[in-house]
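# Examination of the molecular architecture
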Amino acid sequence: MPISRRGLLAGTAATGAGLAVPITSTATASAVTAGVLGEKIRPGDARYADLVQRGQNKRFTAKPEYARVIQSTEDAVRAVQDAVRANKRIAIRSGGHCFEDFVDSSEVQVLLDMSTYDDVSFDERYRAFSIGVGATLEKVYKDLFYGWGVTLPAGGCLGVGVGGHFAGGGYGPLSRKYGSVVDHLYGVEVVVVDKQGRARSVVATRDNAYQDLWWAHTGGGGGNFGLVTRYLMRSAGATGRDPSESLPKAPSELLSNIIVYDWKTLGKAGFVRAVRNFFDFLEKHNTADSPYATLYSPFIPTPSSVGNFLMSNQLDASVPDAAGLLKKFTDAMIAGLDPAPQVYGGDAGPFMLTTIQRSIAAGPGTTRSKFKAGYLRKGYTDAQIETIHAQLNDANNTAAETSILLVPYGGKVNTVAPDATATAQRDVMAKMVMTVSWTEAAEDAKHLAWIRSAYAAIYRETGGVPVPNAINAGSYINYPDADLADPAYNKSGVPWHDLYYLGNYPRLQQIKSTWDPRNVFRHKLAIQPA
């Protein structure tokens, strides 16, 4: 059975010399190589429409008074200062993949675009890789791998910018082996605004006097504390004396296959068994030292009207008996299913080539969409899985694309204390990402109603949202869902910030008060000052 690239990836839209920016690690204005201040690009300029419509979710389009393309750290400081002095609402964009209108909002008056601030290099001063906040994951992966043979456990959507991805925690195919992206974050360069309204650039690291600001960017989410200009990446325990030893080594090859499930022969019992197989395996193999630590197997149930759905699997080909491990996993996934799903592939391929082939390509979004998500400590109950089955067989859902993506997580991630970083969910084994996409604005209400109802049905026992308990661990701030702050949809009585940050929210509020006392950087799910 031929599998198209579109079919494979449907629903997954659920990463030298140092920079010439000699910034000190003190909270003073940065002394930088002089750069040209990005001009104010206003309506009528040919560049304006491209900049304001670059976001992936076409439900939202910003109409700011002007946009600026940031070219340097000095440029960023001046741009923020100008906006603050004029009392203008600021939004910052790197890759443009925000699921909500944090950037593309009618309230935004100044849009600061970071997309060209994308250098990836090794900073000798900090002995860490310096990654400009506008770099896409594809650029990061290629530059790190081809330059030094290293990588980061970041996401599988190549066009995502590191700006929000890193600050929100960041995870991807290698996270079960190497942890969250922020477990490799040594420092962050960020433009902040003090009580007097003065903008300045600060470098905060895990071991300098501004450790609290560093900590806030290890899962606190983008757009909360300041304008990040670059990240400094060095794994905990690494010295940085040798760049090639400062981040995880990339696998040389990846072994992969695809399991395809046929809706016509599966039935409800078969669907429950297939999902249960997936959850049971992850629960049994979720330790950092498991031979399956490098396994990444996003399971992508899509509506029955599509005809089939799939699980896309990969494993580091260098682990002992990799082929045998992949076969045992595949056998466990199809156990009890008659007829058995089809299995395709099983060959090994070079790391970067396979990563690019199996990731979502870069490119502008063309659809309107809504996303909802949840962390899983354990697999859903059979009743919840039956609810998912019902939603995927609902003839009233006529959206162009729908999926309920189940993504492996945990492993090495779970070896870090929940308060060591702002990423609090450190005892989980999977994530769920529910997606619905369409093209016509006239259908907004219909499709939003469907996904809200489906999500509420899955979590009906906990007020319609993933309230932390034996199964749930809240949700992921990089999959923001403004509904969690709306009592019409969150009937649990648990505030949205506890779903995203668990017990870390009070500390994030204190840091917000210290570093953004004027609440310059804010959005619908922004951290509120203490």
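Residues numbered from 1 in each chain as written. Predicted model: local features only at pLDDT ≥ 70, side-chain atom pairs only at ≥ 80, totals over all residues. Heavy atoms only, no water.

- The name given to the protein chain in an unreviewed UniProt entry is FAD-binding protein, with Kribbella albertanoniae as the source organism.
- Of the protein chain, the UniProt comment under Sequence similarities (unreviewed entry) reads exactly: "Belongs to the oxygen-dependent FAD-linked oxidoreductase family." (UniProt positions renumbered as here; feature names shortened; annotations may be inferred.)

### Re helix H12 (residues 444–458)
- Here H12 contains 15 residues, and its C-alpha end-to-end distance of 22 Å stays within 8% of the 21 Å for a straight helix at 1.5 Å per residue.
- Taken residue by residue, H12 has Asp444, His447, Leu448, Trp450, Ile451, Ala454, Tyr455, Ala457 and Ile458 as its buried positions.
- Buried-residue contacts for H12 involve strand S13 (368–376), helix H11 (382–392), strand S14 (401–408) and strand S15 (430–438). (Helix = DSSP H or I, 4+ residues; strand = E, 2+ residues; numbered from the N terminus. Expected span 1.5 Å × (residues − 1). Buried < 20%, exposed > 50% of the residue type's maximum accessible area, 1.4 Å probe, protein only. Contact = heavy atoms within 4.5 Å.)

### Some remarks on the sheet that holds strand S3 (residues 110–113)
- The parallel open sheet is built from three strands, whose spatial order is S1-S3-S2. Each having just a single partner strand, strand S1 (66–69) and strand S2 (90–93) make up the two edges of the open sheet. When the angles between neighbouring strand axes are averaged without regard to direction, this sheet yields 20 degrees.
- Bridge count between S1 and S3: four bridges; the pairing is parallel. (Pairing = 2+ DSSP bridges. Axes fitted to C-alpha atoms, helices over the stretch in contact; angles between N-to-C directions.)

### Let's talk about the pattern of salt bridges
- Under the defined criterion, the tally for this structure stands at 29 salt bridges.
- Arg47 is paired through a salt bridge with Asp45; the nearest N and O atoms lie 2.8 Å apart.
- Where Asp483 meets Lys372, a salt bridge forms, and the shortest distance between an N and an O atom there is 2.8 Å. Here Lys372 lies in strand S13 and Asp483 lies in the loop between H12 and helix H13 (496–501), a separation of 111 residues in the sequence.
- Asp483 sits in the buried class, given a relative accessible area of 5%.
- For Lys372, a relative accessible area of 2% gives the class buried.
- Where salt bridges share partners, they join Glu100, Lys370, Lys372, Arg452, Asp481 and Asp483 into one cluster. (Salt bridge = Lys/Arg side-chain N within 4 Å of Asp/Glu carboxyl O.)

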